[in-house]
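Listed below, chain by chain, are the residues.
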Amino acid sequence: MATELTVTGMSCTDCEASVVEALEALSGAESATADHETDTATVSGEVDPLDAIVAVEDAGYEADSA
(Lines give C-alpha, C1' and ligand atoms only; values in the text may rest on other atoms or scores of the structure.)
Protein backbone atom coordinates (compact mmCIF):
# COMPACT_ATOMS: atom_id res chain seq x y z
CA MET A 1 0.00 0.00 0.00
CA ALA A 2 1.25 3.48 -0.84
CA THR A 3 0.33 6.74 0.83
CA GLU A 4 0.60 9.85 -1.34
CA LEU A 5 1.02 13.28 0.20
CA THR A 6 1.10 16.84 -1.01
CA VAL A 7 4.11 18.48 0.63
CA THR A 8 4.80 22.20 0.46
CA GLY A 9 7.94 23.97 1.52
CA MET A 10 10.47 21.73 -0.23
CA SER A 11 12.79 23.73 -2.45
CA CYS A 12 15.73 21.41 -3.20
CA THR A 13 17.01 17.85 -3.14
CA ASP A 14 18.15 18.25 0.48
CA CYS A 15 14.54 19.02 1.39
CA GLU A 16 13.46 15.89 -0.47
CA ALA A 17 16.01 13.85 1.49
CA SER A 18 14.68 15.21 4.79
CA VAL A 19 11.12 14.22 3.87
CA VAL A 20 12.19 10.77 2.69
CA GLU A 21 14.17 10.20 5.89
CA ALA A 22 11.18 11.22 8.03
CA LEU A 23 8.82 8.93 6.13
CA GLU A 24 11.17 5.93 6.05
CA ALA A 25 11.57 6.18 9.83
CA LEU A 26 7.87 5.39 10.32
CA SER A 27 6.87 1.99 11.58
CA GLY A 28 5.74 -0.14 8.63
CA ALA A 29 7.41 2.03 5.99
CA GLU A 30 9.20 0.12 3.24
CA SER A 31 10.40 3.02 1.08
CA ALA A 32 9.64 6.65 0.36
CA THR A 33 10.14 9.22 -2.37
CA ALA A 34 9.74 12.99 -2.51
CA ASP A 35 9.79 15.50 -5.37
CA HIS A 36 10.15 19.21 -4.65
CA GLU A 37 9.19 20.15 -8.22
CA THR A 38 5.74 18.53 -7.94
CA ASP A 39 5.30 19.05 -4.16
CA THR A 40 4.61 15.35 -3.65
CA ALA A 41 5.83 12.53 -1.48
CA THR A 42 4.93 8.85 -1.40
CA VAL A 43 5.59 6.26 1.29
CA SER A 44 5.11 2.55 0.59
CA GLY A 45 4.18 0.03 3.24
CA GLU A 46 1.65 -0.21 6.03
CA VAL A 47 1.77 3.40 7.25
CA ASP A 48 -1.07 5.37 8.78
CA PRO A 49 -1.58 8.45 6.55
CA LEU A 50 -1.95 10.69 9.61
CA ASP A 51 1.39 9.44 10.95
CA ALA A 52 2.97 10.27 7.58
CA ILE A 53 1.56 13.80 7.68
CA VAL A 54 2.83 14.34 11.24
CA ALA A 55 6.29 13.01 10.31
CA VAL A 56 6.59 15.42 7.38
CA GLU A 57 5.35 18.33 9.48
CA ASP A 58 7.82 17.43 12.25
CA ALA A 59 10.55 17.60 9.58
CA GLY A 60 9.54 21.22 8.93
CA TYR A 61 7.22 21.02 5.93
CA GLU A 62 3.48 21.32 5.37
CA ALA A 63 1.71 18.12 4.38
CA ASP A 64 -1.75 16.91 3.44
CA SER A 65 -3.15 13.76 1.90
CA ALA A 66 -3.03 13.92 -1.89
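The following refers to the structure shown. Computed from a prediction, not measured in an experiment: that's the story for all the values here. (Residues numbered from 1 in each chain as written. Predicted model: local features only at pLDDT ≥ 70, side-chain atom pairs only at ≥ 80, totals over all residues. Heavy atoms only, no water.)

Overview of a negative patch on the surface
Okay, step 1: A cluster of acidic residues, Glu57, Asp58, Glu62 and Asp64, forms a negative patch on the protein surface.
Okay, step 2: For the negative patch, the secondary structure elements donating two or more residues are helix H2 (49-58) and strand E4 (62-65).
Okay, step 3: Inspection of the secondary structure puts Asp58 in helix H2. (Patch = residues over 30% accessible without salt bridge, like charges linked within 9 Å, V, L, I, M, F, W, Y side chains within 5 Å. Areas by Shrake-Rupley, 256 points an atom, 1.4 Å probe, with all protein chains shown as cover. Salt bridge = Lys/Arg side-chain N within 4 Å of Asp/Glu carboxyl O. Lys, Arg positive; Asp, Glu negative; His and termini not counted. Charge placed at Lys NZ, Arg CZ, Asp CG, Glu CD. Helix = DSSP H or I, 4+ residues; strand = E, 2+ residues; numbered from the N terminus.)

Regarding the state of the cysteines
Okay, step 1: Summed over all chains, the structure comprises 0 disulfides.
Okay, step 2: In this structure Cys12 is a free cysteine whose sulfur lies 3.5 Å from that of Cys15, the closest cysteine sulfur available.
Okay, step 3: Owing to a relative accessible area of 29%, Cys12 belongs among the partly exposed residues under this scheme.
Okay, step 4: Its relative accessible area of 10% is what places Cys15 among the buried residues. (Disulfide = S-S within 2.5 Å. Buried < 20%, exposed > 50% of the residue type's maximum accessible area, 1.4 Å probe, protein only.)

Purely geometric stuff here, so don't read any function into it on its own.
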